[in-house]
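Residues per chain, in single letters:
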Amino acid sequence: MGDFRPRTVWLGHPEKREQRYPRNVINNQKYNFFTFLPAVLFNQFKYFFNLYFLLLACSQFVNELRLGALYTYWVPLGVVLLITITREAVEEIRCYLRDKEVNSQIYSKLSTRVMLMTSERNGSCFLRTDQLDGETDWKLRLPVACTQRLPTAADLLQIRSYVYAEEPNIDIHNFIGTFTREDGDPPVNESLSIENTLWASTVVASGTVVGVVIYTGKELRSVMNTSNPRNKVGLFDLEVNCLTKILFGALVVVSLVMVALQHFAGRWYLQILRFLLLLSHIVPISLRVNLDMGKMVFSWMIKKDSKIPGTVVRASTIPEQLGRISYLLTDKTGTLTQNEMVFRRLHLGTVAYGMDSMDEVQSHVFSAYTQPTHDLPTSRAPAATKVRKTISSRVHEAVKAIALVHNVTPVYEANGVTDQAEAEQHYEDTCRVYQASSPDEVSLVQWTESVGLTLVGRDQSSMQLRTPTGQILNFTILQIFPFTYESKRMGIIVRDESTGEITFYMKGADVVMAGIVQYNDWLEEECGNMAREGLRVLVVSKKSLTEEQYQDFEARYVQAKLSVHDRSLKVATVIESLEMEMELLCLTGVEDQLQADVRPTLEILRNAGMKVWMLTGDKLETATCTAKNAHLITRNQDIHIFRPVTTRGEAHLELNAFRRKHDCALVISGDSLEVCLKYYEYEFMELACQCPAVVCCRCAPTQKAQIVRLLQERTGKLTCAVGDGGNDVSMIQEADCGVGVEGKEGKQASLAADFSVTQFKHLGRLLMVHGRNSYKRSAALSQFVIHRSLCISTMQVEGCVVICFTHYSTIYTMFPVFSLVLDKDVKSEVAMLYPELYKDLLKGRPLSFKTFLIWVLISIYQGSIIMYGALLLFDSEFVHIVAISFTSLILTELLMVALTIQTWHWLIIVAELLSLACYIASLVFLHEFIDVYFITTVSFLWKVTVITLVSCLPLYILKYLRRRFSPPSYSKLTS
């Protein structure tokens, strides 16, 4: 990453900088102007397939080895290189334009040199960091205290001050620095931490912030947590490269046999080289041309599919990879979820209110503030009225508690400027924005507003609620006990200014609240029911305090906070003295809104044989709830939550406990994962790969990439990574297939991915339809090109066809063979309805050594039939043998295409007829090799028909018998 050093940045004095800093740009390009051509050529010729043809073409500069015109070797190679260079150039230009768009964002400045993000000066702000670390909780960020006393932002440039910052590093959770003001009396020196930072790729939730830029370009935390883009080569291309090595080995063997038949006479070593060149079409260069053109067609089909609009192919070299994915690794926030919390359920024990009955809650709240207290029930239904009033009272108490027990602050914005004074006077609903560290809390407060009780004001010591009648209720905040990961609860003590009542409200997870609230027989069961629905459950309770009780508590609390030894323990003990026999008010259920059709899409992927892993930076509880809600973990599936481990011994014990469980989903945190991978990498990966689903929470961006890499190394299977944020870029670039989802907060993942989609649900069709078709079509195309070349080479070995005919046959059969890119075994709807068809491809059967050997035997059989058929039917002249064999060869190839096609497309029919017409029309130019008068005779037509039928008819019969007694998996679906 370069030599990174600490820096001192002077405010308003860029001339004082001590070092040069990188430009404030991002770069997702694989090459630059100077490395483009060398790097592209190296990536092409480092594989045997292309290197073979380069050496073959270069050999034609040696007179003793030249077999024909130079263009017959250099033109095909040039076409392959031109296609590759053009494709890479187009993708690099597109990448450059996308980066340029992002790098062209405009920032406000206070001077010509110091870059500043616009922002507010009234204190703290909240930050959304989900695009950086995947966490949904908002982070509180604090200003430098001494700058808050300046009259205007412009005064920052008038004071003599500087920021000292540590060297750039990948740690997104820590920062060390100082702010120094030298012209103060005395000089001011404040420490800076992570709470004073706003990293790139984060978003200010509300208001505006003034800040000095410390890191730019490659020194950004988000950039340092991403890996450099690599040139991905598909598994299919590697398999084809392996097959060409086998073909080359066969070529060498045949050449040695041919020289051996001549008893190694004369300059036999030169004869070996000549035979290698003469029979070089055993390894067809047209294979590379056809496959590259096929990839371009597949990419075009993906982009033009109207059922997945907005899908972009950024790496057109690997569409076949989409058809063989075994592991899908997905981000949570913004990918599976919308990061929009929605209140779903209020449960009071005897009654529950869902989304369809919120009007009843609203009615109860309204009646609580409108009905006079002296109203008596009517004589007609006293019991019913009494019950109704009891429920109404309970609902009101629950809503009131939810509206008070939180850390949410309403902020009022008008014309982009925050005006708290005006907010306190008018409480304008249209200008109100809620700020909080957690979106869960915001959703709860928004819900209380929807049912009539609105949070309209808050500061450090007070809170204001507005009733449905417009009355303002004032509460004094006496104490707040914030939520922590250890306590899993938060509390608040408030005094109602109108009545003087002091109430202690608390909410938290059911596992801790069950021991705090009064005994009841429904809490555990209902919490379990709501959790199984994927809801985040909070238990809300209250406790009324007398003035004496509170004064006693406050005295003990203050004393505990002044303790020097064991302060945290003493404070917790004092708070716990209040947390006893609290009145259970209600349960709340909040859902992190899923993206459209996430559940059916994950179901399709699982049925297709993929294992889905969720890698997220979010909390364990949040990640587990989302996994259940999205049905990544099914309702009846056991879950093993990996306990936090910090040492080798703890990891060993926990792995043993995990090993005893079978067919259960795994949930593990990033810290525990790091310990396991450090000491027991092989054992952990072996166990994790057996799980039906894995959830990794609190994952750093580099950890996500590490998991992908380990899966590739340990299993040898193809991986696909899906994400939408900057924290997913490393994972996307490391995976065999990287898919970026265009997120709300940015396009970092989309720009760095191989494929870009607008919604997660499009992934199903991208893999099931386009991935499957691309792989099967490429397999059929490659086998046909090899078949055509082997037929010709067989005939060459047997001594008939002149070398130029290999090029002619390629031209005549090019369109029908290439039209295989339009073939498909099942309709798109069937492929989506039966994802089990995708599972058949994971074993690589469409292009395997078995299918390759079958096609080699077919090629040798057909080449021999055509050759010896022409010899047996030899008339009187050599030119007649050429006419019969060459015509039979072309007709055989056209019939073989027709034999292979499973779904006829009108372009395939056109390609067949066009090729036949081109051959007939070109006979006038081949009079040196073919007797035009002879081919119009009945004898010629009869002989060609016999040879073609003998070469193809047995294969048609075998195909029929195979389909009859061993039908493919899709045959019943297409019948």
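What comes next concerns the included structure. (Residues numbered from 1 in each chain as written. Predicted model: local features only at pLDDT ≥ 70, side-chain atom pairs only at ≥ 80, totals over all residues. Heavy atoms only, no water.)

Looking at the packing of helix α2 (residues 48-59) against helix α6 (residues 235-260)
Rule in force here: Lines fitted to C-alpha atoms define the axes here, with helix axes fitted over just the stretch in contact, and angles between the N-to-C directions of these axes take values from 0 to 180 degrees. The helix and strand labels rest on DSSP assignments: H or I over at least four residues marks a helix, E over at least two residues marks a strand, and numbering proceeds from the N terminus. In these notes the angle categories are as follows: under 35 degrees is roughly parallel, over 145 is roughly antiparallel, 65 to 115 is roughly perpendicular, and the rest is oblique. In what follows, a contact means two residues having at least one pair of non-hydrogen atoms within 4.5 Å.
Packing of α2 against α6 brings their axes to within 8 Å, and their N-to-C directions diverge by 45 degrees. Between α2 and α6, the interaxial angle falls into the category oblique. Of α6, the residues touching α2 (which contributes Phe48, Phe49 and Tyr52) are Asn241, Thr244, Lys245, Phe248 and Leu251.

Digging into a positive patch on the surface
To keep things clear, this is the line we draw: A patch consists of residues exposed above 30% relative accessible area that lack any salt bridge, with like charges linked at up to 9 Å and nonpolar side chains (Val, Leu, Ile, Met, Phe, Trp, Tyr) linked at up to 5 Å. Here the Shrake-Rupley method, with its probe set to 1.4 Å, supplies the accessible areas, and only the displayed protein chains count as covering residues. Salt bridges are defined as contacts in which a side-chain nitrogen from Lys or Arg sits within 4 Å of a carboxyl oxygen from Asp or Glu. The charge count includes Lys and Arg as positive and Asp and Glu as negative, but it does not include His or the ends of the chains. By convention, charge coordinates are those of NZ in Lys, CZ in Arg, CG in Asp, or CD in Glu. A 1.4 Å probe rolled over the protein chains alone gives each residue an accessible area, and that area as a share of the maximum for its type sets the label: buried under 20%, exposed over 50%, partly exposed in between.
A contiguous patch of positive charge on the surface is contributed by Lys843, Arg845, Lys850, Arg962 and Arg963. Note on placement: Lys843 falls in the loop between α28 (836-839) and α29 (849-872). Taking the relative accessible area as the measure of exposure, Lys843 reaches 62% and is therefore exposed.

Things to note about the sheet that holds strand β6 (residues 188-192)
Our working rule: In this analysis, strands are considered paired if DSSP registers two or more bridges between them.
Strand order in the open sheet formed by 4 strands is β1-β4-β5-β6, and the pairing between neighbours is antiparallel. Of all strands in the sheet, those bounded by a partner on one side alone are β1 (7-10) and β6. Strand after strand, the sheet turns through a mean of 20 degrees between neighbouring axes, direction not considered. The pairing of strand β5 (residues 177-181) with β6 spans 5 bridges and is antiparallel. If you follow Gly177 over to β6, its bridge partner there is Leu192.

Describing the pattern of salt bridges
Counted under the stated rule, the structure contains 35 salt bridges. Salt-bridge contacts for Arg606 lead to Glu603; the nearest nitrogen and oxygen are separated by 2.9 Å. Of this pair, Arg606 and Glu603 both sit in helix α17 (residues 598-607), 3 residues apart, which is roughly one turn of the helix. Each of the salt bridges in this network shares a partner with another, and the network as a whole consists of Arg87, Asp237, Arg288, Asp292, Lys295 and Glu320.

Observations concerning the environment of Glu320
For the record, the criterion: Polar contacts, as used here, are pairs of N or O atoms within 3.5 Å; protein pairs need one atom able to donate a hydrogen and one able to accept it. Residues neighboring in sequence count only if both atoms are side-chain atoms.
Along the chain, the position of Glu320 falls in the loop between β8 (312-313) and β9 (325-330). The class of Glu320 is buried, set by a relative accessible area of 2%. Residues contacting Glu320, with those up to four places away along its chain left out, are Phe236, Lys295, Phe298, Gly771, Ser774, Tyr775 and Ser778. For Glu320, the side chain forms a polar contact with the side chain of Lys295, separated by 3.0 Å.

Brief notes about a negative patch on the surface
Negative charge collects at one region of the surface, where Asp510, Asp521, Glu524 and Glu525 lie side by side. Following the sequence through the fold, Asp521 ends up in the loop between α13 (510-513) and α14 (523-532).

Observations concerning the sheet that holds strand β7 (residues 203-204)
Taken in spatial order, the 3 strands line up as β3-β2-β7 in an open sheet, and their pairing is antiparallel. The sheet is open, and its two borders are formed by β3 (139-141) and β7, each paired with just one other strand. Of the strand pairs in this sheet, strand β2 (residues 125-128) and β3 are connected by 3 bridges, and their pairing is antiparallel. The residue bridging Phe126 from the neighbouring strand is Leu140, located in β3.

Digging into the side chain of Asp825
Mapped onto the elements of the fold, Asp825 is located in the loop between α26 (804-818) and α27 (828-833). The exposure class of Asp825 is buried, given its relative accessible area of 8%. A polar contact is formed between the side chain of Asp825 and the side chain of Arg772, at a distance of 2.7 Å.

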